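Here's the letter readout for the chains.
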Amino acid sequence: MKKCLLPLAALGVALAFPLAASDTEHGHHGNADRAMSSGSEAGPSLSPALAAQLLPGYLALQEALADDNLDGAHEAVAGMMEPTGHSGSVHDLLHEMSGAETLEIIRRPLFDELSAAMVAAAKEDPSAFPEGLVVMQCPMVYGSTGAEWIQEGETVDNPYFGAKMLRCGGPVMKIRE
């Protein structure tokens, strides 16, 4: 990963921070203004109870993204709006997804941010989720940073790259045994 030194003249110091690796590696295109962030760094938080309510729509979204289906992704997002109470950071994220014109914008970083919140809620209270769900991880999202998602079953259906790399990734953990 490249490093960039940014001088702060007023303070006379320099900060080092990583520049986002280009998602154009491996044929990927990212959302440049949010590409440095993954959902685990800055995104909404979900209670396990709300995450469980969003789960059917989330799984439909994961499948639509894996199938390269923009219309299906928008339908899944619309189905998740009601449980959010039409306010808050999760609703704002879903609203941003609903207006996305491409799968790439939904996938990275928006789906990643939602997934990070869903995975965190599942780890907090696995009993709020049904059996058969698996946390998956693709190591190639954001260059080599990687990103997680939740899906049914252990056959990888990668929502971050769809048909281009449908089977890229692997299981991290089962949410419930």
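Just so it is clear, the model here is predicted, and its values are computed rather than measured. (Residues numbered from 1 in each chain as written. Predicted model: local features only at pLDDT ≥ 70, side-chain atom pairs only at ≥ 80, totals over all residues. Heavy atoms only, no water.)

Undergrad: Whenever I open this one, the packing of helix H1 (residues 48–66) against helix H4 (residues 103–124) confuses me. Can you help?
TA: Two packed helices can be described by the angle between their axes and the distance between those axes. In contact at an axis separation of 10 Å, H1 and H4 are set at 145 degrees when each is read in the N-to-C sense. Where H1 crosses over H4, the two elements pack in a sense that is left-handed. Two secondary-structure elements touch here, H1 through Pro48, Ala51, Leu54, Leu55, Tyr58, Leu61, Gln62 and Leu65 and H4 through Leu103, Ile106, Arg107, Phe111, Leu114, Ser115, Met118, Ala121 and Glu124. Of the residues contributing to the contact of H1 with H4, the split by class is 13 nonpolar, two polar and two charged. (Axes fitted to C-alpha atoms, helices over the stretch in contact; angles between N-to-C directions. Helix = DSSP H or I, 4+ residues; strand = E, 2+ residues; numbered from the N terminus. Left-handed = near helix turned anticlockwise from the far one by under 90°. Contact = heavy atoms within 4.5 Å. Nonpolar A, V, L, I, M, F, W, Y, C, P; charged D, E, K, R; others polar.)

Undergrad: Just checking my understanding: could you explain the packing of aromatic side chains for this structure?
TA: When we look at a pair of aromatic rings, we describe it by the centre distance and by the angle of the planes. This model, assessed by the stated rule, comprises three aromatic pairs. A centroid spacing of 5.8 Å and a plane angle of 70 degrees characterise the contact between Trp149 and Tyr160, whose relative ring orientation is edge-to-face. You can see Trp149 sitting in strand E4 (residues 147–152) and its partner Tyr160 sitting in the loop between E4 and strand E5 (170–174), a full 11 residues away along the chain. Summarising the burial analysis for this pair, Trp149 and Tyr160 share the class buried. Three or more aromatic residues joined by ring pairs make a cluster, and in this case those are Tyr58, Phe111, Trp149 and Tyr160. (Phe/Tyr/Trp six-rings, centres within 6.5 Å; stacked < 30°, edge-to-face > 60°. Buried < 20%, exposed > 50% of the residue type's maximum accessible area, 1.4 Å probe, protein only.)

Undergrad: What's the story with H1 in this structure? I'm lost.
TA: The periodicity of an α-helix, 3.6 residues per turn, causes residues three or four positions apart to be oriented the same way. Where H1 bends most, at Leu55, the angle is about 50 degrees, and the proline Pro56 comes one to four residues later. Asp68, located one to two residues past H1, shows a positive phi value of around 55 degrees. (Bend = angle between axes of the 7 residues up to and from the residue.)

Undergrad: How should I be thinking about the environment of Asp71 in this particular structure?
TA: Secondary-structure assignment places Asp71 in helix H2 (residues 70–81). For the pair Asp71 and Ser98, spaced 27 residues apart in sequence, the C-alpha to C-alpha distance is 9.9 Å.

Undergrad: I would appreciate a short explanation of the nonpolar core in the present structure.
TA: Looking at soluble globular proteins, one finds that nonpolar side chains tend to be buried together. With 48 residues, the main nonpolar core has Leu46, Tyr58, Leu61, Leu114, Met118 and Ile150 as its most contacted residues. Where this core is concerned, the elements lending two or more residues are H1, H2, helix H3 (89–98), H4, strand E3 (133–138) and E4. Ranked by residues supplied to this core, first place goes to H4 with 10 residues. The contacts of Ile150, once residues within four sequence positions are left out, are Tyr58, Leu59, Gln62, Met118, Val119, Ala122, Leu133, Val134, Val135 and Ile175. (Core = buried A, V, L, I, M, F, W, Y, C linked by side-chain atoms within 4.5 Å.)

Undergrad: Explanation requested: the confidence of the model for the protein in the structure shown.
TA: Here the protein averages 82 in pLDDT, while 76% of its residues score no lower than 70. Note on residues 1–41: pLDDT is under 50 here. Beyond four places in sequence and across chains, it has 62 contacts. (pLDDT = per-residue confidence, 0-100.)

Undergrad: Hey, could you run me through unusual backbone geometry in this one?
TA: Glycine aside, residues mostly have negative phi angles, and peptide bonds mostly take the trans form. Cis rather than trans, the peptide bond between Arg108 and Pro109 has omega equal to 20 degrees. As for its placement among the helices and strands, Pro109 is situated in helix H4. Its identity as a non-glycine residue notwithstanding, Asp68 has a phi of 55 degrees, on the positive side. Tracing the backbone through its elements, the reader meets Asp68 in the loop between H1 and H2. For Asp68, a relative accessible area of 34% gives the class partly exposed. With a phi close to 60 degrees, His86 is a non-glycine residue in the positive phi region. Residue placement: His86 occurs in the loop between H2 and H3.

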